[in-house]
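Coordinate inspection notes
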Amino acid sequence: MDRRSEPNRSAIYATTLVAFLAIAGIAVVDPILPAIGDAIGVTAWQVELLFTAYIAVMALGMIPATLASGRFGFKPVLIAGVSVVGLAAILASFSDNIVQLSVLRGVWGLGNAMFFATAMVVLVNLAVDREWVVGLFETALGLGFAVGPLIGGLLGEVSWRLPFFVCGVFMVLALGVAARKLREPTNRQAPVRVGQIFATYRRPAFIALCVVTGTYNFVFFVVLGYTPLFLGLDVIPLGLAFTGWGLGLAAGILLIGHRLAHRIGAVQTVGVAIAGLLVCMVLFATSTSTTEALVVLVLAGLCMGLANANLTDLALGLGSSDRRVATGAFNLVRWGAAAPAPIISGKLAEHSLSMPFWVGFGVLAVGVLVYLAFAHVMAAGYGERVLWSRWNRAAAGTEHAPEEPVGEAY
């Protein structure tokens, strides 16, 4: 399709730019975690509060952000979220202790919740070519996870405060772009009620997906939050290491995830991803050299990309027909399950450096068992089949037919 037929291209590009900066802001902290701990004199679990506070507030903020977008419109909520992130990031660069930093990271998470509750819905409603805009958004997310650690490593070599400040400045610039270019979708939707969100959890296939996703996201943030401390590298090498992880993630999302889903189905692609990540947890826990751990880190990123390319598509297909409701219910679980992972990893590391990975293995193993038991139900609800066709017949007709997939909004 000719991109010139898109009447809202500037608004779409502006929203995508903000998405890139928002994701880069999550990943920018990775290379500077050890430097922050050394500079302000805190233990591993205390420095992990920077992740846990961020994720926990982001999870809790998803529902009120979804409700606010129904009442006030998408553009005001999105712009408010970008403003909150920019302010929190700049203030974080002036923090003197872990409490101040954790509180501001929590405020940062609230801003990101306001953004991610609205961004994908805005893009889909603004675009004529839905497949193009979803691909554009996924590209921004993949590049954000790849570039964020590199920015954090390079700037963190000067000072751990600089990545926070620069990220805040970028968000202020993005705010100016969004305020000028962003357009409110013309098809205004009715406000969302809290009861609609929680009613989504009555669907068996959606519940199974949430359990699998919750265990997966716990492990995602064991890797993202704890591995920087586990590797024991300096700031720039650590930034490069997580750039490698981000490139693996981007390759999984952009190059492999959807292609594999077209061949074997989205449900079975998620199964491949979590099985691969389960193996990565064992390899992390038993690694005997930094080189080995770095290879596993990139492999884990690739597996995560396969999962991220398909999980939200599945949530939108198995959840409520209202995308705002399905996204709110799904993100509450995915971020809520992830929130304890960094701080638990930090506490476990006081006893054994490998223990966080073994615990991650145990958590994800529960998700794998749930997947094996209910993949046929998820596949039936999404209009797919899994290899165990006998279960397919048993699951036939148990779930509604899915909507057209809309893409990942991680």
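If you're wondering where the values come from, they're calculated on a predicted model, not measured in any experiment.

1. Concerning the overall build of the chain
Assigned secondary structure in the chain consists of 18 helices and zero strands. A globule of 410 residues ought to have a C-alpha radius of gyration of about 22 Å, and the chain, at 20 Å, matches this closely. The dimensions of the chain, computed from C-alpha atoms along their principal axes, are 55 × 50 × 40 Å. Counting all 410 residues of the chain, 58% fall into the buried class. Within the structure as shown, the chain displays about 15,100 Å² of accessible surface, and the carbon and sulfur contribution to it stands at 67%.

2. Brief notes about the packing of aromatic side chains
Counted by the stated rule, this structure contains 15 aromatic pairs. Ring centres of Tyr226 and Phe230 lie 6.0 Å apart, and the angle between their planes is 45°; this geometry places the pair in the tilted category. Within this pair, Tyr226 and its partner Phe230 are both found in helix H11 (residues 204–231), separated by four residues, close to a single helical turn. The structure contains a cluster of three or more aromatic residues connected by ring pairs, namely Tyr216, Phe220, Phe221, Phe242, Trp245 and Trp335. Positioned above the aromatic ring of Trp108 is the side chain of Arg105, whose terminal nitrogen or guanidinium carbon lies 4.7 Å from the ring centre.

3. Digging into the nonpolar core
Ranked by internal contacts, the top residues of the largest apolar core, which has 135 residues, are Trp245 and Leu277. Per-element tally for this core: the top contributor is H11, with 17 residues.

4. Structural notes on H11
Here H11 spans 40 Å end to end across 28 residues, near enough to the 40 Å set by a 1.5 Å rise per residue. At Gly225, H11 is deflected by roughly 35°, the largest bend along its length, and proline Pro228 occurs up to four residues later in sequence. With 24 of its 28 residues buried, H11 lies for the most part within the structure. Of the residues flanking the end of H11, it is Gly232, one or two places downstream, whose phi is positive at about 65°.

5. A closer look at the environment of Asp322
Locating Asp322 in the fold gives a position in the loop between helix H14 (290–318) and helix H15 (323–338). Using a relative accessible area of 17% as the deciding quantity, one classes Asp322 as buried. For the pair formed by Asp322 and Val368, sequence separation is 46 residues and the distance between their alpha carbons is 28 Å.

6. Points about the pattern of salt bridges
Counted under the stated rule, the structure contains two salt bridges. Across the pair Glu350 and Lys347 runs a salt bridge whose closest N-O atoms are separated by 3.7 Å. Overall, the relative accessible area of 38% leaves Lys347 in the partly exposed class.

7. Let's talk about the state of the cysteines
Following the criterion strictly, the structure yields zero disulfides and no others. The cysteine Cys280 is free of any disulfide, with Cys303 supplying the nearest cysteine sulfur at 4.6 Å. When its relative accessible area of 8% is taken as the criterion, Cys303 is described as buried.

8. Thoughts on the environment of Arg203
Mapped onto the fold, Arg203 is located in the loop between helix H10 (194–199) and H11. C-alpha separation for the pair Arg203 and Ala89, spaced 114 residues apart in sequence, amounts to 38 Å.

9. Comments concerning the side chain of Ser287
With respect to the element layout, Ser287 can be found in the loop between helix H13 (266–286) and H14. A polar contact of 2.9 Å, which involves the side chain of Ser287, links it to the backbone oxygen of Phe284. Once residues lying within four places of it in the same chain are set aside, the contact partners of Ser287 are Phe230, Glu292 and Ala293.

10. Details of the packing of helix H1 (residues 9–27) against helix H7 (residues 119–126)
At a minimum axis distance of 10 Å, the contact between H1 and H7 shows a crossing angle of 160°. When the axis of H1 is compared with that of H7, the two are roughly antiparallel. Once H1 is placed against H7, the crossing between them reads as left-handed. For the pair H1 and H7, the contacting residues are Ala11, Ile12, Thr15 and Thr16 in the first and Ala119, Val122, Leu123 and Leu126 in the second. Here the contact of H1 with H7 is built from residues that sort into six nonpolar, two polar and no charged.

11. Brief notes about the side chain of Asn217
Within the secondary structure, Asn217 is located in helix H11. Under the relative-accessibility criterion, Asn217 is labelled buried at 0%. A polar atom in the side chain of Asn217 sits 3.0 Å from the backbone oxygen of Arg334.

Cut-offs applied
Residues numbered from 1 in each chain as written. Predicted model: local features only at pLDDT ≥ 70, side-chain atom pairs only at ≥ 80, totals over all residues. Heavy atoms only, no water. Helix = DSSP H or I, 4+ residues; strand = E, 2+ residues; numbered from the N terminus. Rg over C-alpha atoms; globule rule 2.2 N^0.38 Å. Buried < 20%, exposed > 50% of the residue type's maximum accessible area, 1.4 Å probe, protein only. Areas by Shrake-Rupley, 256 points an atom, 1.4 Å probe, with all protein chains shown as cover. Phe/Tyr/Trp six-rings, centres within 6.5 Å; stacked < 30°, edge-to-face > 60°. Lys NZ or Arg CZ within 6 Å of the ring centre and 35° of its normal. Core = buried A, V, L, I, M, F, W, Y, C linked by side-chain atoms within 4.5 Å. Expected span 1.5 Å × (residues − 1). Bend = angle between axes of the 7 residues up to and from the residue. Salt bridge = Lys/Arg side-chain N within 4 Å of Asp/Glu carboxyl O. Disulfide = S-S within 2.5 Å. Polar contact = N/O pair within 3.5 Å; in protein donor to acceptor, adjacent residues only side chain to side chain. Contact = heavy atoms within 4.5 Å. Axes fitted to C-alpha atoms, helices over the stretch in contact; angles between N-to-C directions. Parallel < 35°, antiparallel > 145°, perpendicular 65-115°, else oblique. Left-handed = near helix turned anticlockwise from the far one by under 90°. Nonpolar A, V, L, I, M, F, W, Y, C, P; charged D, E, K, R; others polar.

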